[in-house]
Protein chains: 2
Amino acid sequence: MKNYLLTLMYDGSLFHGWQVQNNALTVQSCLQDAVEKILSVRENVTGCSRTDSGVHANMFCCNMRTDREIDTALFKKSLNAVLHTGIAVTEVKEVPYGFHARYNCVSKEYKYLIFNRDYNNPFYSGRALMYPYKIDAELLDNEARDFLGTHDFTSFCAANTDTEDKIRTVKAVSFKRENDFAVFTVEADGFLYNMVRIMTGTLLDINSGKIKPGSIPEIIAKKDRAFAGVTAKPCGLYLNKVNYDL
Amino acid sequence: MKNYLLTLMYDGSLFHGWQVQNNALTVQSCLQDAVEKILSVRENVTGCSRTDSGVHANMFCCNMRTDREIDTALFKKSLNAVLHTGIAVTEVKEVPYGFHARYNCVSKEYKYLIFNRDYNNPFYSGRALMYPYKIDAELLDNEARDFLGTHDFTSFCAANTDTEDKIRTVKAVSFKRENDFAVFTVEADGFLYNMVRIMTGTLLDINSGKIKPGSIPEIIAKKDRAFAGVTAKPCGLYLNKVNYDL
């Protein structure tokens, strides 16, 4: 038996998230179908996280254990030839047998993309949040720093979760203007359900004046989802980097 | 009667080009439908050029004469509310009555976008040429300079054209690497049918060794389409800027 790390990129607007579901097109099921076509055996692929329906990945990692002989370069090429065009395999490499795409992940980085003009960008339909109001990127960059460090992020987690440990460490954040876009970037050792989308919604609520600047430490301290802002739409969210000690 | 300049952006993969056709979805027909919904009269909109099926626009200009009273800000907002989501109106402004979007155009800039990795980028499906071979951007940047100046571009025009005057002036060119992409940019006072796509195909044929470096002046001198390279696919082509003396 050998173990392989597969790195993917996918347009989430075309899928019902990563994880296999009955009667829904998911990235995992498409990938397992493609693997089966090539290896003639249905292997399980284990993802680094479950992305939601509509959420994109510039980089997503999963591992696959198999006893089939694999030439990694050829396997990558073959997968890309048969996969749904909404998914690309960007890298295939062998990893130690014990490696697990989720448990061995040291940190992940998400980006939330906002198109900030008074019209919708047709090239980013389903791929960015269209936000027509003025954004004070400098203010939000400053506000976002309050997410840094180790906190109980219960307030930034969807209420319907059964994860018990809600303590996470945010390692880096930024909120920057990039031409017609505003981009919120956050790196953490792990993320709770909807965490980046609620962080983004809260920042936009601060931008609009619905939430007062300086409120984030207080919202975190409340440990109550009701005090944070809205959950921003999935379309703007990209899993951007997955880091391992390999 | 007043005359308005409308600036658009559109994802060409969703349309059969700009110009109205029977039984095909085109940008012009979508725009005229939208105008009709708002003004209750079918006005003609005159484009700055005819983009082909599959060709995109970061900027496309057209003008519309009408005797209806128009509040430009409101008209832009209304158009964006009813238009096909593959098209956005980025600006509406009044122009002199004699202004014509095609005849008054001083120059246009096109970009040809090439995704240059050994897999297809799912976010650029239909929006860039997927080219997996090594590109020598420095060589092609140098080769492209031979397009500069005033030439008879017959060799870079689709054979089935009835345009008589094939003399055009290329004002600026560049071929640059931008992360995983290679981008060919060309500005001219006007373009012949398929001109940028044949220029791009010729540059890629030079890259692959099918055409010798240094051949462009010779190909131009032949005034024969047969000597230039292939016509690159429409998916990578973007009308990027339209310049007027206004």
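All values reported here derive from a predicted model rather than from experimental measurement.

## Remarks on the interface of chain B and chain A
So, point 1. Counting residues at the interface gives 23 residues for chain B, matched by 23 residues for chain A.
So, point 2. With both chains or domains summed, chain B and chain A bury close to 1600 Å², and 62% of this area falls on carbon and sulfur atoms.
So, point 3. Counting the surface chain B buries against chain A, the share from its top three residues, Tyr119(B), Pro122(B) and Phe123(B), is 40%.
So, point 4. Seen at the junction of chain B and chain A, the total is two salt bridges.
So, point 5. Measuring nitrogen to oxygen at the nearest pair gives 2.8 Å for the salt bridge that ties Asp118(B) to Lys76(A).
So, point 6. If you look at where chain B meets chain A, you find four residue pairs in polar contact (both at pLDDT 80 or more).

## Remarks on the layout of surface pockets
So, point 1. Within this model, the largest pocket holds a volume of roughly 1600 Å³.
So, point 2. Around the largest pocket, the lining comprises 38 residues; the ones closest to its centre are Leu113(A), Tyr124(A), Phe181(A), Tyr124(B) and Phe181(B).
So, point 3. For the lining of the largest pocket, the secondary-structure elements that each account for two or more residues are strand 1 (2–10), strand 3 (56–66), strand 5 (105–115), strand 9 (181–188) and strand 10 (237–244) of chain A together with strand 5 (105–115), strand 9 (181–188) and strand 10 (237–244) of chain B.
So, point 4. Here the lining of the largest pocket is composed, by residue class, of 19 nonpolar, 10 polar and nine charged.

## Remarks on helix 4 (residues 195–208) of chain B
Residues and elements named next belong to chain B.
So, point 1. Taking 1.5 Å of rise per residue, the 14 residues of helix 4 would be expected to cover 20 Å, and the 20 Å separating its terminal C-alpha atoms lies within 8% of that figure.
So, point 2. With respect to burial, helix 4 is a largely interior element, 13 of its 14 residues being buried.
So, point 3. Remark: Gly 209 follows helix 4 within two positions and exhibits a positive phi of approximately 90°.

## Overview of the packing of aromatic side chains
So, point 1. Going through the model one piece at a time under the given rule, you end up with 28 aromatic pairs over all chains.
So, point 2. Relative to Phe123(B), the ring of Tyr238(A) lies with its centre 5.6 Å away and its plane at 50°, an arrangement referred to as tilted. With Tyr238(A) in strand 10 and Phe123(B) in the loop between strand 5 and strand 6 (129–130), this residue pair bridges two chains.
So, point 3. Through successive ring pairs, a cluster of aromatic residues spans Phe147(A), Phe153(A), Phe156(A), Phe175(A) and Phe184(A).
So, point 4. Sitting over the face of the ring of Tyr97(A), Arg65(A) holds its NZ or CZ atom 5.0 Å from the ring centroid.

## Structural notes on the relation of the copies chain B and chain A
So, point 1. Rotating chain B by 180° about the axis while translating it 0.0 Å along that axis superimposes it on chain A, leaving an RMSD of 0.0 Å. Expressed as an axis order, the relation between the two copies is that of a two-fold axis. Rotation axis and chain B: the residue whose C-alpha lies nearest the axis is Phe123(B), separated from it by 4.7 Å.

## Points about the packing of helix 3 (residues 137–144) of chain B against helix 4 of chain B
All names here are of chain B.
So, point 1. Close contact between helix 3 and helix 4 brings their axes to 10 Å; oriented N to C, the two are set at 135°. Regarding the angle of helix 3 to helix 4, the classification is oblique. Considering how the two elements wind past one another, helix 3 and helix 4 form a crossing that is right-handed. Mapping the contact onto sequence places Leu 139, Leu 140, Glu 143 and Ala 144 in helix 3 and Leu 203, Ile 206 and Asn 207 in helix 4.
So, point 2. Taken together, the residues of the contact of helix 3 with helix 4 sort by class into five nonpolar, one polar and one charged.

## Looking at the pattern of salt bridges
Proximity of charged atoms lets side chains of opposite charge pair with each other.
All names here are of chain A.
So, point 1. For the structure shown, the criterion picks out 16 salt bridges over all chains.
So, point 2. With a closest N to O distance of 2.7 Å, Arg 42 and Glu 36 form a salt bridge.
So, point 3. A salt bridge links Arg 145 to Asp 141; the shortest N-O distance between them is 2.8 Å.
So, point 4. Arg 145 gets classed as partly exposed once you look at its relative accessible area, which sits at 43%.
So, point 5. Residue Asp 141 is classed as buried on the basis of its relative accessible area, which comes to 17%.
So, point 6. Several salt bridges share partner residues, and in doing so they unite Asp 33, Glu 36 and Arg 42 into one network.

## Some words on unusual backbone geometry
Residues and elements named next belong to chain B.
So, point 1. Positive phi values are uncommon outside glycine, yet Asn 23 reaches one of about 60°.
So, point 2. Counting through the fold element by element, Asn 23 comes out in the loop between strand 1 (2–10) and helix 1 (27–39).
So, point 3. In this model, Asn 194 sits at a positive phi of 70°, which is unusual for a non-glycine residue.
So, point 4. Relative to the assigned elements, Asn 194 resides in the loop between strand 9 and helix 4.
So, point 5. Here Asn 194 falls in the buried class, since its relative accessible area comes to 15%.

About the cut-offs
- Throughout this document, residue positions are counted from 1 along each chain, in the order its sequence is written.
- Labels follow written order: the first chain is A, the first ligand is 1, and so on.
- Local features in a predicted model are, by the rule used here, given only for residues with pLDDT of at least 70; side-chain atom pairs are given and counted only at 80 or more, and totals for whole chains, interfaces and linings are based on all residues.
- The basis for the side-chain values is all heavy atoms of the structure; hydrogens and waters are excluded.
- Only heavy atoms enter the contact rule, under which two residues are in contact if any of them lie within 4.5 Å.
- Here's the idea: put two parts together, see how much 1.4 Å probe accessible area each one loses, and the total over both is what we call buried area.
- Throughout this description, the term salt bridge denotes a Lys or Arg side-chain nitrogen within 4 Å of a carboxyl oxygen of Asp or Glu.
- Each polar contact in these results corresponds to two N or O atoms within 3.5 Å; when the atoms are within protein, one needs to be able to donate a hydrogen and the other to accept it, and residues that are neighboring in sequence are counted only if both atoms are side-chain atoms.
- Only protein atoms enter the 1 Å grid, on which a cavity is a set of points fitting a 1.4 Å probe that cannot get out and a pocket is an open set with protein on both sides within 12 Å along at least 5 of 7 lines, lining residues being those with an atom within 4 Å of a point.
- Grid points are joined across faces, edges and corners, and a volume is the space filled by probe spheres set on the points.
- The helix count covers DSSP runs of H or I at least four residues long, the strand count covers runs of E at least two residues long, and both are numbered beginning at the N terminus.
- Residue polarity follows a fixed list, in which Ala, Val, Leu, Ile, Met, Phe, Trp, Tyr, Cys and Pro are nonpolar, Asp, Glu, Lys and Arg are charged, and the others, Gly among them, are polar.
- A helix is expected to span 1.5 Å for every residue after the first.
- When accessible area is computed with a 1.4 Å probe and restricted to protein chains, residues below 20% of their type maximum are described as buried, those above 50% as exposed, and intermediate ones as partly exposed.
- Centres within 6.5 Å are what make two rings of Phe, Tyr or Trp a pair, Trp counting through its six-membered ring; a difference in plane orientation under 30 degrees is then read as stacked, over 60 as edge-to-face, and the rest as tilted.
- Charge-over-ring contacts are defined here by two conditions on Lys NZ or Arg CZ: a distance within 6 Å of the ring centre and an angle within 35 degrees of the ring normal.
- Fitting of the copies onto one another was done by least squares over C-alpha atoms, counting residues only where both copies have pLDDT of at least 70.
- The convention used is that axes are lines fitted to C-alpha atoms, helices contributing only their stretch in contact, and that angles between N-to-C directions extend from 0 to 180 degrees.
- Roughly parallel means an angle under 35 degrees; roughly antiparallel, over 145; roughly perpendicular, 65 to 115; everything else is oblique.
- Throughout, a crossing is termed right-handed when the near helix is turned clockwise from the far one, and left-handed when it is turned anticlockwise from it by less than a right angle.

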